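Coordinate analysis (summary)
Listed here are the chains, written in short residue letters.
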Amino acid sequence: MNISVVIPLLNEAESLPELCDWISEVMTVNQFSYEICLIDDGSTDESWAVIEKLASQNPNIRGAKFRRNYGKSAALNLAFEMAKGDVVITMDADLQDSPDEIPELYRMITKDGCDIVSGWKKKRYDPISKTIPTKLFNWAARKMSGIYLHDFNCGLKAYKSEVVKNIEVYGEMHRYIPVIAKSAGFTKITEKEVEHRARKYGVTKFGMSRFIRGFLDLLTISFIGKFAKRPMHFFGGLGTLIFFLGFIAVIWLGVQKWLFLTRGIGAPLITDSPFFYIAIMSMIIGTQLFLAGYIAELVSRNSPTRNHYLVEKML
């Protein structure tokens, strides 16, 4: 099968028939073999009934429904398990992503050899209250991840099948699939400018809180990507540094006290200095960080995936 189109959705009953017809038309014109995987993330409208009707009319349409809303990451993770196509294309269900982009995305994966092609909605039809936080969010994501994409949040992306079969998406990590893929060794990541269409039906399901959660998730995925298999390198190194600085400060206070006494100068008590408590606290925090790294290292060593690495080729 050439293409699996993956569509997570929540309360998008009105847009689904038009979207599926549009995708099917594009596939037919380009003679692609395809499937459409619709993942209902606990919708409370008629979305599932619409999916059942569409699946009965088109054998290329498959669906799954969660009992409750788990989030876009959970829906994508399930869809990636279901997908059978050589190229997996994700898009939103609100008709803001154009299926006309599919042929070029497919070509970039199959002909150009890309692992991931991320959409870039250069011209957006969103209010300024959404575009400005998005720009700041994407800037931070580029700096922390080292992946220079203009639009990490774009739902329209294309993946080589091998990519989605070797990564796990959870929590709110769907924004950072390129980061997760890069840490797994899939480094051929690029972007394509795509059309952004105004929402035709319903309302957006995302609020401003997603940017706060997104930034916290970025910190999490950046840390996991670098230190998941060697946590002692982070906690142990940071703890040793902080302990050392505190220890040096205590030594300096002691030497200072000794110099005052040897010269007959009245010296205040070491414990009267605020630096003494700062130094002691630094030594305590440094010790705790070191022990945290040691415990994390023990946990990592006993993980069933401690020696799980992706092998690209073998003779």
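Criteria and thresholds
- Residues numbered from 1 in each chain as written.
- Predicted model: local features only at pLDDT ≥ 70, side-chain atom pairs only at ≥ 80, totals over all residues.
- Heavy atoms only, no water.
- Helix = DSSP H or I, 4+ residues; strand = E, 2+ residues; numbered from the N terminus.
- Buried < 20%, exposed > 50% of the residue type's maximum accessible area, 1.4 Å probe, protein only.
- Contact = heavy atoms within 4.5 Å.
- Pairing = 2+ DSSP bridges.
- Axes fitted to C-alpha atoms, helices over the stretch in contact; angles between N-to-C directions.
- Salt bridge = Lys/Arg side-chain N within 4 Å of Asp/Glu carboxyl O.
- Polar contact = N/O pair within 3.5 Å; in protein donor to acceptor, adjacent residues only side chain to side chain.
- Phe/Tyr/Trp six-rings, centres within 6.5 Å; stacked < 30°, edge-to-face > 60°.
- Core = buried A, V, L, I, M, F, W, Y, C linked by side-chain atoms within 4.5 Å.

Digging into unusual backbone geometry
- Residues other than glycine seldom take positive phi values, yet Asn-11 does so here, at roughly 55°.
- You can see Asn-11 is positioned in the loop between strand E1 (3-9) and helix H1 (16-29).
- Even without a glycine there, the phi angle at Gln-31 is positive, about 60°.
- Classification of Gln-31 as exposed rests on a relative accessible area of 72%.

Looking at the side chain of Ser-118
- Positionally, Ser-118 belongs in strand E5 (residues 116-120).
- For Ser-118, the residues in contact, after removing those within four places along its chain, are Leu-149, Asp-151, Leu-156, Lys-157, Thr-190, Glu-191 and Lys-192.

Details of the sheet that holds strand E3 (residues 61-65)
- Spatial ordering of the open sheet is given by E3-E2-E1-E4-E6-E5-E7, a layout of seven strands whose pairing is mixed. Single-partner strands in this sheet number two, and they are E3 and strand E7 (189-193). Strand after strand, the sheet turns through a mean of 20° between neighbouring axes, direction not considered.
- Looking at chain direction, E5 and E7 are connected through five bridges and run parallel. Note on E7: the bridge partner recorded for Val-117 is Thr-190.
- This element, H1, spans E1, strand E2 (34-40) and E3 of the sheet and lies at about 160° to E2.

A short note on the pairing of strand E6 (residues 157-160)
- As paired elements, strand E4 (residues 87-90) and E6 share four bridges and run antiparallel to each other. By the bridge assignment for E6, Val-88 is matched with Tyr-159.
- Inspection of the sheet shows E5 paired to E6 by three bridges, in the antiparallel sense. Bridging from a neighbouring strand, Ser-118 pairs with Lys-157 of E6.

Describing the pattern of salt bridges
- Within this structure, the stated rule accounts for eight salt bridges.
- Between Lys-65 and Asp-40 there is a salt bridge, with the nearest N and O atoms lying 3.6 Å from each other. On the criterion of sequence distance, the pair formed by Lys-65 in strand E3 and Asp-40 in strand E2 is long-range, its members being 25 residues apart.
- Each of Glu-104, Arg-107 and Asp-112 takes part in a single network of salt bridges with overlapping partners.

Description of the side chain of Asp-151
- Secondary-structure assignment places Asp-151 in the loop between helix H5 (128-145) and E6.
- For Asp-151, the side chain forms a polar contact with the main-chain nitrogen of Asn-153, separated by 3.3 Å.
- A polar contact of 3.3 Å, which involves the side chain of Asp-151, links it to the backbone nitrogen of Cys-154.
- Filtering out sequence-adjacent residues up to four positions away, Asp-151 remains in contact with Ser-118, Gly-119, Trp-120, Lys-121, Arg-124, Asn-138, Lys-157 and Glu-191.

Some thoughts on the packing of aromatic side chains
- For the structure on display, the rule yields six aromatic pairs.
- Ring plane angle 85° and centroid distance 5.2 Å describe the contact between Phe-66 and Tyr-70, whose orientation is recorded as edge-to-face.
- Owing to a relative accessible area of 15%, Phe-66 belongs among the buried residues under this scheme.
- Ring plane angle 80° and centroid distance 5.3 Å describe the contact between Phe-276 and Tyr-277, whose orientation is recorded as edge-to-face.
- With a relative accessible area of 49%, Tyr-277 lands in the partly exposed category.

Side note on helix H3 (residues 72-82)
- Within H3, eight of the 11 residues are buried, which leaves the element mostly enclosed by the surrounding structure.
- Turning to H3, its buried residues number three or more, namely Lys-72, Ser-73, Ala-75, Leu-76, Asn-77, Ala-79, Phe-80 and Met-82.

Quick notes on the environment of Ile-3
- Along the chain, the position of Ile-3 falls in strand E1.
- By relative accessible area, Ile-3 is classed as buried at 0%.
- Sequence separation between Ile-3 and Tyr-106 is 103 residues, and the spatial gap between their C-alpha atoms is 7.8 Å.
- When residues no more than four places from it in sequence are discounted, the contact partners of Ile-3 are Met-27, Phe-32, Ser-33, Tyr-34, Glu-35, Gly-85, Val-87, Ile-89, Ile-102 and Tyr-106.

Quick look at the nonpolar core
- Ranked by internal contacts, the top residues of the largest apolar core, which has 36 residues, are Ile-7, Ile-23, Leu-38 and Ile-102.
- Those elements that place two or more of their residues in this core are E1, H1, E2, helix H2 (47-57), E4 and helix H4 (102-110).
- It is H1 that contributes the most residues to this core, seven residues altogether.
- Setting aside chain neighbours within four positions, we find Ile-7 in contact with Leu-19, Ile-23, Ile-36, Cys-37, Leu-38, Ile-39, Met-91, Asp-92 and Ala-93.

Everything listed here is a matter of geometry and, on its own, says nothing about what the molecule does.
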